[in-house]
Amino acid sequence: MAIVKDEHGHVVAHLTAIIRRRGSLFPPFLFSQGRIYGEGEYAEDTDKEELFGLMLKAITRVFRRKLCLYAEFSELSAKMFGYRHFRSNGYTPVTWQEIHNSLHSKAPEERLTEKAQQRLIKAETGGAEQAIAATTDDVHSFYKLLKRNFRTKFRRFIPPEQLFLQLWKAERCKIFLTRFKGKTIGGCACVYSNADAYLWFLAAKRKTFHNQYPDTVSVWQAIKYAHTNGYRHIRFLDVGLPYEQNTFRDFILSFGGKPVSKFRWFCFFIPWLNSILRRFFR
């Protein structure tokens with residue numbers, strides 16, 4: 001954690017960073033990654049951007065000393081927050097997409113596309129069943145499916161099962177399951193803060209159980225729960241890069257949300273590799 005103190009020794013800002021050690025099927029095989037979510041917390045009546053610049057410089061120096069391959073910042077409150085400081089510390093902005101669904105102006109059913117409606121009807125006639133995780137075994141079945149789904153993905157890091165259990169027990173997280181003949185074939189995890197719901201992870205056996213549409217049913221459960229319980233929005237935090245062909249983005253948009261473009265900031269600590277990144281995303 002980086003902290004900033006004023007002349008009286010009071011903490012006026014802090015920013016938490018994580019160093020993850022990861023394995024890869026390709027060189028360098030084993031490496032460390034610096035990871036930061038959000039821009040930190042600040043005392044009232046302070047210059048957030050100026051204090052952020054101080055903490056960013058300190059954390060970047062630690063990442064270099066710990067021999068991290070690269071660092072990644074995400075979930076910033078505003079797209080242009082800290083732009084000048086990121087640039088001066090060698091970071092490159094990469095446009096990332098999120099999707100936000102409004103739940104307070106219209107009912108979710110009114111926002112569904114015809115294709116999504118047809119999927120839900122077919123899933124119901126195909127025998128798909130909806131459930132909310134009520135036991136630790138339910139949480140384990142979802143986590144097992146999640147790990148299997150992420151095994152072949154490049155960005156495959158998922159938190160340990162214990163974190164899901166702790167959030168679920170603290171009632172800060174709901175896990176929505178899709179079942180077929182008693183077997184878990186899909187699910188998603190949502191976390192809640194203030195008046196918003198955030199879809200955190202989604203996993204489904206789409207190929208094996210394509211007639212039951214487990215991904216569609218799981219997401220629809222999460223949306224309906226958020227609407228019923230008075231949440232104003234449900235936010236899908238990571239729908240990938242803004243490629244013209246993005247099937248996952250199109251799938252999430254079928255529930256009636258709006259795409260939101262944000263920056264994720266990356267810095268590789270191998271100079272020539274960072275130069276390539278900066279030129280590619282210029």
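Preceding this section is the structure that the text describes.
A few points on the structure. Note that this is a predicted model, so its numbers are computed, not measured.

Together, Arg21, Lys57, Arg61, Arg65 and Lys66 make up a positively charged patch on the protein surface. Here the element with the most residues in the positive patch is helix H1 (residues 48–65); it accounts for 3 residues. Along the chain, the position of Arg65 falls in helix H1. Residue class for Arg65 comes out exposed when judged on its relative accessible area of 59%.

Let us now look at the sheet that holds strand S2 (residues 11–15). Strand order across the open sheet formed by 3 strands is S1-S2-S5, with antiparallel pairing between neighbours. Across the chains shown, the open sheet's two edge strands, defined by having one partner strand only, are strand S1 (2–5) and strand S5 (41–42).

This structure, assessed with the given rule, holds 10 salt bridges. The shortest N-O distance in the salt bridge between Arg264 and Glu72 comes to 3.0 Å. Of this pair, Arg264 sits in strand S13 (residues 258–268) while Glu72 is found in strand S6 (residues 70–74), placing the two residues 192 residues apart along the sequence. Via salt bridges that share partners, Arg35, Glu72, Glu75 and Arg264 belong to a single interconnected network.

Now for the pairing of strand S7 (residues 92–102). A large share of S7 lies buried, amounting to 10 of its 11 residues. Looking at chain direction, S7 and S13 are connected through 9 bridges and run antiparallel. Counted as the bridge partner of Val94 is Arg264 from S13.

Calculation notes
Residues numbered from 1 in each chain as written. Predicted model: local features only at pLDDT ≥ 70, side-chain atom pairs only at ≥ 80, totals over all residues. Heavy atoms only, no water. Patch = residues over 30% accessible without salt bridge, like charges linked within 9 Å, V, L, I, M, F, W, Y side chains within 5 Å. Areas by Shrake-Rupley, 256 points an atom, 1.4 Å probe, with all protein chains shown as cover. Salt bridge = Lys/Arg side-chain N within 4 Å of Asp/Glu carboxyl O. Lys, Arg positive; Asp, Glu negative; His and termini not counted. Charge placed at Lys NZ, Arg CZ, Asp CG, Glu CD. Helix = DSSP H or I, 4+ residues; strand = E, 2+ residues; numbered from the N terminus. Buried < 20%, exposed > 50% of the residue type's maximum accessible area, 1.4 Å probe, protein only. Pairing = 2+ DSSP bridges.

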